[in-house]
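Chain residues, written in single-letter form:
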Amino acid sequence: MHVYNNATLATLSLGNPYGLIPNGVIVTQHGKIVWFGAQSNMPEEYNDWPQENLEGRLVTPALIDCHTHLVHGGNRAAEFEMRLNGASYEEIAKSGGGIVSTVRETVKLSVEDLIKSALPRLDALLAEGVATVEIKSGYGLTIEDELKMLRAARGLEKLRSVRIKTSFLGAHALPLAYKEKPDAYIEEICIPAMKQGAAENLIDAVDGFCENIAFSTAQMARIFDCAKELGLPVKLHAEQLSNQHGAALAASYGALSADHLEYLDEDGIKAMKQSGTVATLLPGAYYFLRETKLPPVDLLRKYGVNMAIATDNNPGTSPMTSLLLTMNMACTLFRLTPEESLRGVTINAAKALGLSDNIGSLEVGKNAELAIWDAAHPAELSYRIGFNPLYKRIVGETA
């Protein structure tokens, strides 16, 4: 049991901006929020509980990074340098770069090596108040290597105070052996790996890359049909490079989220609204690739589609391990408001992972997963660049 008083609460659950409560108190017991509100309204029964004076600091829900590829081998700094020196995509691919290079480095590593490689990236996120991280497979592209990535992701949860949600991303790219046989790859690798991963409780959701350089909507539908049979929710990388109508497909399966979405059209947005599918925006990839096509934020607002944001941490297109920087980029590049940005890494990110009943806002009965900041107002979290104002992260309190 604990009483955190003299705080500014950004609850994200009340009707006013940020759900803000100045001079607030939040009371926790056995890892749950049991009361929150204005100091003047606190019930007397909590007066004798252990008190911590937060001296006016800001309290938000602990942050959530709802789209990452955190587990992988190697890095792509060399091709980053090549690209800046004028090399074309084809030249980089011919030199062994691109996703194939990450696959090559990932499959060399054991589960233990993958965990060791991922821990510094995870720790960077936790240091910024993150308590939940989604991690995808997708750099194995064989049954055993995809499962190995998922086992490594699960292993991280045992070493740090963090919740890991895994997504099976077997439909990420085609290995060389299946370059001209995408349907055979789905039948012989993706679906068997998905079934085995589900049997071993390694998969929380099923993802895919629906794009003209990756998998078609018809191919993704086969994967989603299997996911449905296995009782697994789905999500999708959609409309990043072109409009393949992947978001509408995902919405037809009740997807938790559709991600990237630079080329999303109004019909896709309507479908997402109807299904409750969250739009996860990834400004890191937009920035790193020097993209110019903005996601349709105004239309997403118009139709009331919930927007999450995430780092998209990956070695090729978003080697970013700062969710705070992501928040700033979402505001400066995509023109989200600071409140939309904070909701994007709290309550809407929780919705994108199917966890909003338990985390993502300050509400009675939800988990007491808190981030306490040396800040007076929540807009400061999106405003600063390269500065971490975290005072304390509270996760897993049991008393």
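A few points on the structure. (Residues numbered from 1 in each chain as written. Predicted model: local features only at pLDDT ≥ 70, side-chain atom pairs only at ≥ 80, totals over all residues. Heavy atoms only, no water.)

On a plain count of helices and strands, the chain comes out with 15 helices and 15 strands. Over its C-alpha atoms the chain spans a radius of gyration of 21 Å, differing by no more than 12% from the 21 Å that the globule rule assigns to 399 residues. Based on the C-alpha atoms only, the size of the chain along its principal axes is roughly 70 × 45 × 40 Å. Going through the 399 residues of the chain one by one, you find that 57% of them count as buried. The contacts of the chain with a sequence gap of at least 6 include a subset with a gap of at least 24, amounting to 70%. (Helix = DSSP H or I, 4+ residues; strand = E, 2+ residues; numbered from the N terminus. Rg over C-alpha atoms; globule rule 2.2 N^0.38 Å. Buried < 20%, exposed > 50% of the residue type's maximum accessible area, 1.4 Å probe, protein only. Contact = heavy atoms within 4.5 Å.)

When the terminal C-alpha atoms of helix H6 (residues 182–199) are compared, their 24 Å separation across 18 residues agrees well with the 26 Å that a helix rising 1.5 Å per residue should span. For H6, the principal kink sits at Cys190 and spans about 30 degrees; a proline, Pro192, occurs within the next four residues. Every buried residue of H6 is listed here: Pro182, Tyr185, Ile186, Ile189, Cys190, Ile191, Ala193, Met194 and Gly197. On its buried face, H6 sits against helix H5 (143–159), strand E8 (163–171), strand E9 (205–210) and helix H7 (217–229). (Expected span 1.5 Å × (residues − 1). Bend = angle between axes of the 7 residues up to and from the residue.)

Looking now at the pattern of salt bridges. Applying the stated criterion to the full structure yields 21 salt bridges. The closest approach of N and O atoms between Glu134 and Lys136, which form a salt bridge, is 2.5 Å. The class for Glu134 is buried, based on a relative accessible area of 0%. By relative accessible area, which is 1% here, Lys136 ends up buried. Linked by salt bridges that have partners in common, Glu55, Arg57 and Asp374 make up one network. (Salt bridge = Lys/Arg side-chain N within 4 Å of Asp/Glu carboxyl O.)

Our focus in this paragraph is unusual backbone geometry. A positive phi angle, close to 65 degrees, is found at Tyr18, a residue other than glycine. Mapped onto the elements, Tyr18 comes out in the loop between strand E1 (2–10) and strand E2 (20–29). With a relative accessible area of 7%, Tyr18 lands in the buried category. The residue Arg335 is not glycine, and still its phi comes out positive at about 65 degrees.

To continue, consider the pairing of strand E10 (residues 235–238). If a strand is regular, its side chains alternate between the two faces of the sheet. Neither face of E10 is open: one carries Lys235 and His237, the other Leu236 and Ala238, and all of them are buried. Relative to strand E11 (residues 257–260), E10 is paired through 4 bridges, and the arrangement is parallel. Paired with Lys235 across the strands is Ser257, a residue of E11. Tracing the backbone out of E10, into helix H8 (residues 246–252) and back to the parallel element E11 gives a crossover that is right-handed. (Pairing = 2+ DSSP bridges. Right-handed = clockwise from strand over helix to strand, strands pointing away.)

Right, let's get into the pairing of strand E12 (residues 278–281). Of the two faces of E12, the one lined by Val278 and Thr280 and the one lined by Ala279 and Leu281 are each fully buried. Note: E11 against E12, 3 bridges, orientation parallel. Across the sheet, the residue bridging to Ser257 is Val278, located in E12. With respect to chirality, the unit in which E11 leads through helix H9 (residues 266–275) into the neighbouring parallel E12 is right-handed. As paired elements, E12 and strand E13 (residues 307–309) share 3 bridges and run parallel to each other. Within the sheet, the bridge partner assigned to Thr280 lies in E13 and is Ala308.

Bringing the packing of H5 against H6 into the picture now. Close contact between H5 and H6 brings their axes to 9 Å; oriented N to C, the two are set at 40 degrees. By the angle class used here, H5 and H6 are oblique. In the packing of H5 onto H6, the handedness of the crossing is right-handed. In contact with Ile143, Leu147 and Arg151 of H5, H6 contributes Glu188, Ile189, Pro192, Ala193, Gln196 and Gly197. (Axes fitted to C-alpha atoms, helices over the stretch in contact; angles between N-to-C directions. Parallel < 35°, antiparallel > 145°, perpendicular 65-115°, else oblique. Left-handed = near helix turned anticlockwise from the far one by under 90°.)

Attention now moves to the packing of H6 against H7. Between two packed helices, the angle of one axis relative to the other and the distance separating the axes together describe the packing. Contact geometry of H6 with H7 gives a least axis separation of 11 Å together with a crossing angle of 20 degrees. Classified by the angle between their axes, H6 and H7 sit roughly parallel to one another. Where H6 crosses over H7, the handedness of that crossing is right-handed. Taking contact as the criterion, the partners of Pro182, Asp183, Ile186, Glu187, Cys190, Ile191, Met194 and Lys195 in H6 are, on H7, Gln219, Arg222, Ile223, Cys226 and Ala227. Partitioning the contact of H6 with H7 into residue classes produces 8 nonpolar, 1 polar and 4 charged. (Nonpolar A, V, L, I, M, F, W, Y, C, P; charged D, E, K, R; others polar.)

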